[in-house]
Amino acid sequence: MSVGPQPVSEPVWFKSSYSGANATECVEAAFTSAGVLVRDSKDVNGPVLVIRTRAWHCLIDELGQEELRAR
């Protein structure tokens, strides 16, 4: 299932597919018009990191390059 920008006032959070199976390693993200929100799923009322869309794309591109270099 593909998740993309959501045209709603409240962010729609989803758990990262890279989060660990145990409950101590869960990261959630939500797409907004401002960029991507990232939070600790165990502390949903805690701090939220806001990453601008362009920076998010740079991060994803770099992570993809790291994965290729690791092979």
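Refer to the structure printed above.
Focus: the packing of aromatic side chains
Two aromatic rings, taken as a pair, are described by how far apart their centres are and by the angle between their planes.
Alright, step 1. All told, the structure shown has one aromatic pair when counted by the stated rule.
Alright, step 2. With a centroid separation of 5.6 Å and 25° between ring planes, the pair formed by Phe14 and Phe31 is classed as stacked. Residue Phe14 is found in strand E1 (residues 14-15), and its partner Phe31 is found in strand E2 (residues 27-32); the two are separated by 17 residues along the sequence.
Alright, step 3. Above the face of the Trp13 ring, Arg39 is positioned so that its terminal group lies 3.8 Å from the ring centre.

Comments concerning a nonpolar patch on the surface
Alright, step 1. A cluster of nonpolar side chains, Leu59, Ile60 and Leu63, forms an exposed patch at the surface whose accessible area comes to about 250 Å².
Alright, step 2. Position of Ile60 relative to the elements: it lies in helix H1 (residues 53-70).
Alright, step 3. The class for Ile60 is partly exposed, based on a relative accessible area of 41%.

Here we look at the pattern of salt bridges
Alright, step 1. Tallied over the entire structure, the rule returns two salt bridges.
Alright, step 2. Two residues, Asp40 and Lys42, come together in a salt bridge whose shortest N-O distance is 2.8 Å.
Alright, step 3. Judged by relative accessible area, Asp40 falls into the partly exposed class, the value being 33%.

A closer look at the sheet that holds E2
Alright, step 1. Pairing is antiparallel in the open sheet, where four strands are placed in the order E1-E2-E3-E4. Edge positions in the open sheet fall to E1 and strand E4 (49-51), since each of these has one partner strand only.
Alright, step 2. Note that E1 and E2 share two bridges and pair antiparallel. Residue pairing across strands places Lys15 opposite Glu28, the latter belonging to E2.

The rules behind the values
- Residues numbered from 1 in each chain as written.
- Predicted model: local features only at pLDDT ≥ 70, side-chain atom pairs only at ≥ 80, totals over all residues.
- Heavy atoms only, no water.
- Phe/Tyr/Trp six-rings, centres within 6.5 Å; stacked < 30°, edge-to-face > 60°.
- Helix = DSSP H or I, 4+ residues; strand = E, 2+ residues; numbered from the N terminus.
- Lys NZ or Arg CZ within 6 Å of the ring centre and 35° of its normal.
- Patch = residues over 30% accessible without salt bridge, like charges linked within 9 Å, V, L, I, M, F, W, Y side chains within 5 Å.
- Areas by Shrake-Rupley, 256 points an atom, 1.4 Å probe, with all protein chains shown as cover.
- Salt bridge = Lys/Arg side-chain N within 4 Å of Asp/Glu carboxyl O.
- Buried < 20%, exposed > 50% of the residue type's maximum accessible area, 1.4 Å probe, protein only.
- Pairing = 2+ DSSP bridges.

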